[in-house]
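Fold and geometry: a report
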Amino acid sequence: MMRRVLVTIGVAMLVGAGGLAQSPAAEKTTNRTEITANKLVFDYAKRTAVFDGDVVAKDPTMQIESDRLIIQLDPQTQQLQAARAIGRVRITEQDRIATADEAEYTVTDGRLVLTGQATVMRGNERLSGTKITFWRTTQRVECERPVMILLPGKEGSKGWGP
């Protein structure tokens, strides 16, 4: 069985080992993201991290599960620039669950694009389509070839925004 890789993603860790020695108190106050996978390949020159096999990424507000996760860092700031999850994607955020074949997130515009049998569930509502795009900063949703199931009168009906 492949040994699982546990990585704490943070600016200091990706540019050097200094970020690995945080105290437990400091870890609780940061926006820590923890990613587990069967394998990690990090290219320092390109600032990309590729996680393969049973990938689970957790932060304080969201969890992403997929077969592969590719992270691109900004070469100047070392901050997350984009992330792409591939294969059996499942994203859990608050009371929403999204599934898709692929998901891509870009930080600059706060856009999350789900493709390939994309579905978002919230309470008793379900939205499916070939492509679902969320703009987190403007709370806008766009869906191609939509199928929406609404169960009126059921508790938990909260709409699709954050």
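Notes on the structure follow. (Residues numbered from 1 in each chain as written. Predicted model: local features only at pLDDT ≥ 70, side-chain atom pairs only at ≥ 80, totals over all residues. Heavy atoms only, no water.)

Looking at the packing of aromatic side chains
Within this structure, the stated rule accounts for one aromatic pair. With centroids separated by 4.5 Å and ring planes inclined at 80°, the aromatic side chains of Phe42 and Tyr44 adopt a geometry described as edge-to-face. Directly above the aromatic system of Trp135 lies the positively charged group of Arg140, at a separation of 4.0 Å from the ring centroid. (Phe/Tyr/Trp six-rings, centres within 6.5 Å; stacked < 30°, edge-to-face > 60°. Lys NZ or Arg CZ within 6 Å of the ring centre and 35° of its normal.)

Thoughts on the environment of Gln117
Position of Gln117 among the secondary structure elements: in strand E8 (residues 111-122). Expressed as a C-alpha distance, the spacing of Gln117 and Ile132, which sit 15 residues apart in the sequence, is 9.5 Å. Excluding anything up to four places from it in sequence, Gln117 contacts Thr99, Ala100, Asp101 and Gly129. (Helix = DSSP H or I, 4+ residues; strand = E, 2+ residues; numbered from the N terminus. Contact = heavy atoms within 4.5 Å.)

Side note on the environment of Val56
Summarising the element assignment, Val56 is placed in strand E4 (residues 48-58). Put simply, Val56 and Ser66 are 10 residues apart on the chain and 6.8 Å apart in space, counted from C-alpha to C-alpha. If sequence neighbours within four positions are ignored, Val56 has contacts with Glu34, Ile35, Thr36, Gln63, Ile64 and Glu65.

A few points about a nonpolar patch on the surface
Where nonpolar side chains cluster on the molecular surface, the patch consists of Val147, Ile149 and Leu151 and spans about 240 Å² of accessible area. As for its position among the elements, Val147 is in strand E11 (residues 147-149). (Patch = residues over 30% accessible without salt bridge, like charges linked within 9 Å, V, L, I, M, F, W, Y side chains within 5 Å. Areas by Shrake-Rupley, 256 points an atom, 1.4 Å probe, with all protein chains shown as cover. Salt bridge = Lys/Arg side-chain N within 4 Å of Asp/Glu carboxyl O.)

Focus: the pairing of strand E3 (residues 39-43)
Bridging between E3 and E4 involves five bridges; their strand directions are antiparallel. Paired with Val41 across the two strands is Val50, which belongs to E4. What sits between E3 and E4 in their antiparallel hairpin is a turn of four residues, with Arg47 showing a positive phi close to 55°. (Pairing = 2+ DSSP bridges.)

Let's talk about unusual backbone geometry
In this structure, Arg88 takes a positive phi of about 45° despite not being glycine. Note that Arg88 resides in strand E6 (residues 80-93). In the Ramachandran plot, Gln94 falls in the positive-phi region, its phi being about 50° despite a non-glycine side chain.

Some details on the pairing of strand E7 (residues 96-106)
Look at any regular strand and the pattern is simple: side chains alternate between the two faces of the sheet. Where E6 and E7 come together, 10 bridges link them in antiparallel fashion. Bridged to Ile86 within E7 is Glu102. Inspection of the sheet shows E7 paired to E8 by nine bridges, in the antiparallel sense. The residue of E8 that forms the bridge with Thr99 is Thr119. From the end of E7 to the start of E8, which pair antiparallel, there are four residues, and Gly110 there has a positive phi angle of about 65°.

What to know about the pattern of salt bridges
Scanning the model with the defined rule gives nine salt bridges in all. Put simply, Asp52 and Arg68 hold a salt bridge, and the shortest N to O gap is 2.6 Å. Linking Asp52 in strand E4 with Arg68 in strand E5 (residues 62-73), this pair joins segments that are 16 residues apart in sequence. Its relative accessible area of 22% is what places Asp52 among the partly exposed residues. Residue classification places Arg68 among the partly exposed residues on the basis of a relative accessible area of 33%. Residue Arg96 is joined to Glu93 by a salt bridge in which the shortest nitrogen-to-oxygen separation is 3.1 Å. Residues joined in a network through salt bridges with shared partners are Glu93, Arg96 and Arg136. (Buried < 20%, exposed > 50% of the residue type's maximum accessible area, 1.4 Å probe, protein only.)

Interpretation note: all reported values are geometric properties and have no functional meaning in isolation.
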